[in-house]
Amino acid sequence: MSALDRAFREAGGRVVSALAAGFRDLDLAEEAFAEACARAASTWGDRPPLDPAAWLYSVARRVALDRLRHKATAGAHRPDEPEPEPTPEDHIMRMDPPIPDERLRLIFVCCHPAIAPDARAALTLKTVCGLTTAELAQAYLLPEPTLAQRLVRAKRKIAEAGVPFEVPGPERWGERLDAVLSTLEVAYAQAHADAALAGPHAGFGREMLSLAALLARLTPDEPEVLALAASLHLTEARRGARLDAEGAMVPLSEQDVRDWDAALCDAGERLLARSAALSRGARHAPGPRAIQSAIHAAHASRRRSGVTPWPDVLALYDALLVVRNDPVVRANRAVALAQAFCPAAALAEIDGLGAVGWLPWHAARADMLARLGRHAEAVAEYDAALALSPKPAEALFLKRRRAASVAA
Amino acid sequence: MQYALLIHENEAESYPAGEADQAWLDILSAHTAFGGQMARAGVMRGGAGLKSVATATTVRVTPEGRTVHDGPFAETREQLGGLYMIEVDDLDAAIEWARKLPIARNGSIEIRPMLPAPEGL
C-alpha cells in the first residue's frame, strides 16, 4: 500500500471531519480533500512527507480557502494570485498545526434526527471513517447511484436546512446521543444479519465496530456508548464461529468457543466493565444497551466456564423487558426460558406473541416444539420458517433441524 | 437563518365548536404569550394565525385556466392553521422553538428554511 493510500485510509475521516467542521460545509470538505489527494498523487512520488495526514490537511485547507475566495470574487473578475505549491520538504521543515479532532461533532451532524434515517449511517461512515461511495454501495447491497443519491440528499439537507455543526448541549445531549446510538445499532444489525459473511458485509461490520470504538474513545464517560461498543466487540468476536464446515449457521450457544476472537472478547468485557462502573458511580440503573451487552457478555463467559449461564441470561432479559418491551426482546426471553428451565412455559410465551410471518418467531417455536417431543408440529413449523426465505446459512440449519424432527 | 414554522392541526378534533370553542380561545391566548416570548428573544420576524378551514377558498390553476372552489387546496387530516417566521442561528434553534409552540391536542409543526428575500425588498 502506498503512503497516500495509507494516509487516505488512516486519516481520511479525521481530515475530512476537521475540514467540514471548520468550513461548515461537507461538500467543500470532500472536494478539497479529493483535490489534496490528487496533488499528493502527482507530487509525492516515492518521497512522501513525514506526516502525510498533516500534508493532506493543510493542502486541502488551502484548496478550500481558495475556492471560497474564488466564489466571493467571482463577480469581480479578479482572479486570486495562485499560492505556491508546498514541496514535501516544506512540510518536513515546518511544523504543521495538529489536525483538530472533529469526528464527534461530525457524527452528531450526520446522525441528526433531521437527516433521513436510511442515509445517516452511510453518511457517517463516509465522512468520519473515510469509506468510499463504492464501498458503501457494496456494503448496503445498493446500486452505487442510489447510494450516492441518498448521500447527496442528506448533505443538501444539512446545508440548506441549517443543521448546526455543533455537538449538542447538555439539555439535548441524551436524546441526540440516542439517535447516534440507534443509527449505529441499526447499521450494525444490517451488517450482522447474514451468518454467511463471505460477502462484503464482513468488512462493513468491522467498520461499524471501529466507529463504535471511536465513539467510545470520544465520549469515555457515557455508559450507553461504552455498552454499545462492548456489544459490537462481543458480537464481532463470534464472526468466525457462526458457520460450520458445510456453511450452515451455528446458533450462539452451540458455537465452538475456540473460534471466537479472544482479543475482541476481552476488549468487549473491558468496555462493559467500564460502562457498569460508570452507571454504578452515577447511581443510574443500567440502560437498555448496558443490559444487552451484559447478555452478550454472559454468552461470552462460556469461553471460560464451558456452559452458558441460562438463568443469568433469562434474568437479564427480564431486566431488559422493563426498559425495552418489544417482540424481539420477548421472543429472545422465551428462548432463554426454554433453555434455562422449561420449554413448555416458553412455548406458551411464544404462542402469546403470535408473530406469524416473522422468521425468528417460527424458528424459535419449531425449536421449542422439537424440545417437547412434538415433532410433527415442529416439522410443520420448520416448514413455515423455511417458506419465509431465510438466508442460505440459516436455511441449511433449519433444514437439518427439520430432518432431525422427521427422523425422531 | 430564517425559518417558517407551519402549524398543522386537526381542526374538527381540536376545536369541535369552531371559533366559539373554549379550546380555540385558549389556544389564541397561548399563541399571544408564545409570540411575545419570541419577540422578547428577538427571533420573531412575523406570522399569522388563520381562520377556520371552513372559510377557505381555493383558486385552482390548470393549463385550461383558473377556477374558484370552496374549501382548502386538499382535504387532509390536519390543516394549516397558522405560521410563524423566525430568525435563529440554525435548525436546532428552530426545533427548540417548535417544541415549545402551543398545540391544542395533536398536530405537527413543519420547519422550512425560508428563501432569502430578493435584493431591493
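Residues numbered from 1 in each chain as written. Chains lettered and ligands numbered in written order. Predicted model: local features only at pLDDT ≥ 70, side-chain atom pairs only at ≥ 80, totals over all residues. Heavy atoms only, no water.

1. Thoughts on the overall build of chain A
Counting its regular elements, chain A contains 20 helices and zero strands. Counting across all 408 residues of chain A, residues that qualify as buried make up 49%. Sequence separation of 24 or more characterises 65% of the internal contacts of chain A that already satisfy a separation of 6 or more. Summing over all exposed atoms, chain A offers an accessible surface of approximately 19300 Å²; the carbon and sulfur share of this is 57%. Side-chain charges of chain A comprise 49 positive and 52 negative groups, with the mean position of each set lying 2 Å from the other. (Helix = DSSP H or I, 4+ residues; strand = E, 2+ residues; numbered from the N terminus. Buried < 20%, exposed > 50% of the residue type's maximum accessible area, 1.4 Å probe, protein only. Contact = heavy atoms within 4.5 Å. Areas by Shrake-Rupley, 256 points an atom, 1.4 Å probe, with all protein chains shown as cover. Lys, Arg positive; Asp, Glu negative; His and termini not counted. Charge placed at Lys NZ, Arg CZ, Asp CG, Glu CD.)

2. A short note on the environment of B:G107
Residue and element names in this part refer to chain B. Within the secondary structure layout, G107 lies in strand β6 (residues 107-113). Looking at G107, the relative accessible area reads 36%, which means it is partly exposed. With 85 residues separating them in the primary sequence, G107 and Q22 have C-alpha atoms 18 Å apart. Every residue in contact with G107, bar those within four places of it in the chain, is listed here: H8, E9 and E78.

3. Structural notes on the interface of chain B and chain A
At the interface, nine residues of chain B touch ten residues of chain A. Contact between chain B and chain A buries roughly 730 Å² in total, counting both sides, with carbon and sulfur atoms accounting for 50%. Summed over the three residues of chain B that lose the most area to chain A, namely B:L91, B:D92 and B:R99, the buried surface amounts to 56% of that side. In this structure, the connection of chain B to chain A is made through three salt bridges. Across the contact surface, chain B and chain A share six residue pairs in polar contact (both at pLDDT 80 or more). It is helix α3 (residues 91-100) of chain B that contributes the most residues to the side of chain B that touches chain A, five residues altogether. Its residues placed into classes, the side of chain B that touches chain A shows five nonpolar, no polar and four charged. (Buried area = accessible area lost by both parts, 1.4 Å probe. Salt bridge = Lys/Arg side-chain N within 4 Å of Asp/Glu carboxyl O. Polar contact = N/O pair within 3.5 Å; in protein donor to acceptor, adjacent residues only side chain to side chain. Nonpolar A, V, L, I, M, F, W, Y, C, P; charged D, E, K, R; others polar.)

4. Quick look at the sheet that holds strand β2 (residues 44-49) of chain B
All names here are of chain B. Across the sheet, which stays open at both edges, the four strands sit in the order β2-β5-β1-β6 with antiparallel pairing between neighbours. Sheet topology places β2 and β6 at the edges, where each strand pairs with a single neighbour. Between one strand and the next, the sheet's axes are offset by a mean angle of 20°, whatever the strand orientation. Bridge count for β2 against strand β5 (residues 79-87) is five bridges, and the pairing is antiparallel. When the bridges of β5 are listed, G46 appears paired with M85. Each of β1 (2-9), β2 and β5 touches helix α2 (residues 22-41); the most contacted strand, β5, lies at about 20° to it. (Pairing = 2+ DSSP bridges. Axes fitted to C-alpha atoms, helices over the stretch in contact; angles between N-to-C directions.)

5. A word on helix α19 (residues 375-386) of chain A
Residue and element names in this part refer to chain A. Relative to the 16 Å expected for twelve residues at 1.5 Å per residue, α19 spans 16 Å between its end C-alpha atoms, a close match to the ideal helical length. When α19 is considered as a whole, its buried residues turn out to be A378, V379, E381, Y382 and A385. For α19, the angular spread of buried residues about the axis comes to 165°, placing them on one side. On its buried side, α19 packs onto α18 (359-371) and α20 (392-407). (Expected span 1.5 Å × (residues − 1). Arc of directions from axis to C-beta.)

6. Some points on the environment of A:L214
Position of A:L214 relative to the elements: it lies in helix α10 (residues 201-218). For A:L214, the residues in contact, after removing those within four places along its chain, are A:R103 and A:V128.

7. Quick word on the environment of A:R303
Residue and element names in this part refer to chain A. Its location among the elements puts R303 in helix α14 (residues 302-305). As a C-alpha pair, R303 and L337 span 34 residues in sequence and 21 Å in three-dimensional space. Setting aside residues no more than four positions away along its own chain, R303 makes contact with V257, W260, A262, C265, D266 and E269. Among the polar contacts made by the side chain of R303, one reaches the side chain of E269 at a distance of 2.8 Å.

8. Remarks on the domain arrangement of chain A
All names here are of chain A. When its domains are assigned, chain A resolves into domain 1 (3-93), domain 2 (102-201) and domain 3 (350-408). Between domain 1 and domain 2, the residue contacts involve 14 residues of the former and 16 residues of the latter. Summed over both partners, the interface of domain 1 with domain 2 buries about 1300 Å², with 56% contributed by carbon and sulfur atoms. At the boundary of domain 1 with domain 2, the tally comes to four salt bridges. Across the pair E30 and K126 runs a salt bridge whose closest N-O atoms are separated by 3.4 Å. Connecting domain 1 to domain 2 are four residue pairs in polar contact (both at pLDDT 80 or more). Only α1 (3-23) and α2 (26-43) provide two or more residues apiece to the side of domain 1 that touches domain 2. Considered class by class, the residues forming the side of domain 1 that touches domain 2 number six nonpolar, two polar and six charged. (Domains from an automatic or database assignment.)

9. Re the packing of α18(A) against α19(A)
Residue and element names in this part refer to chain A. Orientation of α18 relative to α19, taken along the N-to-C sense of each, is 165°, at an axis distance of 8 Å. Compared by their axis directions, α18 and α19 come out roughly antiparallel. As α18 packs across α19, the resulting crossing turns out to be left-handed. Taken together, the residues of α19 that come into contact with α18 (itself represented by L359, W361, H362, A363, R365, A366, D367, L369 and A370) are H375, E377, A378, E381, Y382, A384 and A385. Taken together, the residues of the contact of α18 with α19 break down into ten nonpolar, two polar and four charged. (Parallel < 35°, antiparallel > 145°, perpendicular 65-115°, else oblique. Left-handed = near helix turned anticlockwise from the far one by under 90°.)

10. Some details on the side chain of A:S17
Residue and element names in this part refer to chain A. Counting through the fold element by element, S17 comes out in helix α1. For S17, a relative accessible area of 0% translates into the label buried. Non-local contacts of S17, meaning those with residues more than four positions away in its chain, are made with E102, R103, L106, T127 and V128.

11. Concerning the packing of aromatic side chains
Residues and elements named next belong to chain B. Per the counting criterion, the structure on display carries six aromatic pairs over all chains. Seen from their ring centres, Y15 and W24 are 5.2 Å apart, and the 80° between their planes marks the pair as edge-to-face. The burial state of Y15 is the same as that of W24; both residues are buried. Measuring from ring centre to ring centre gives 5.3 Å for F34 and Y84, while their planes differ by 75°; the resulting arrangement is edge-to-face. Residue F34 is found in helix α2, and its partner Y84 is found in strand β5; the two are separated by 50 residues along the sequence. Note on accessibility: F34 and Y84 belong to one class, buried. An aromatic cluster is built from F34, Y84 and W97, whose rings are joined through pairwise contacts. Against the face of W97 rests K100, its NZ or CZ located 4.3 Å from the ring centre. (Phe/Tyr/Trp six-rings, centres within 6.5 Å; stacked < 30°, edge-to-face > 60°. Lys NZ or Arg CZ within 6 Å of the ring centre and 35° of its normal.)

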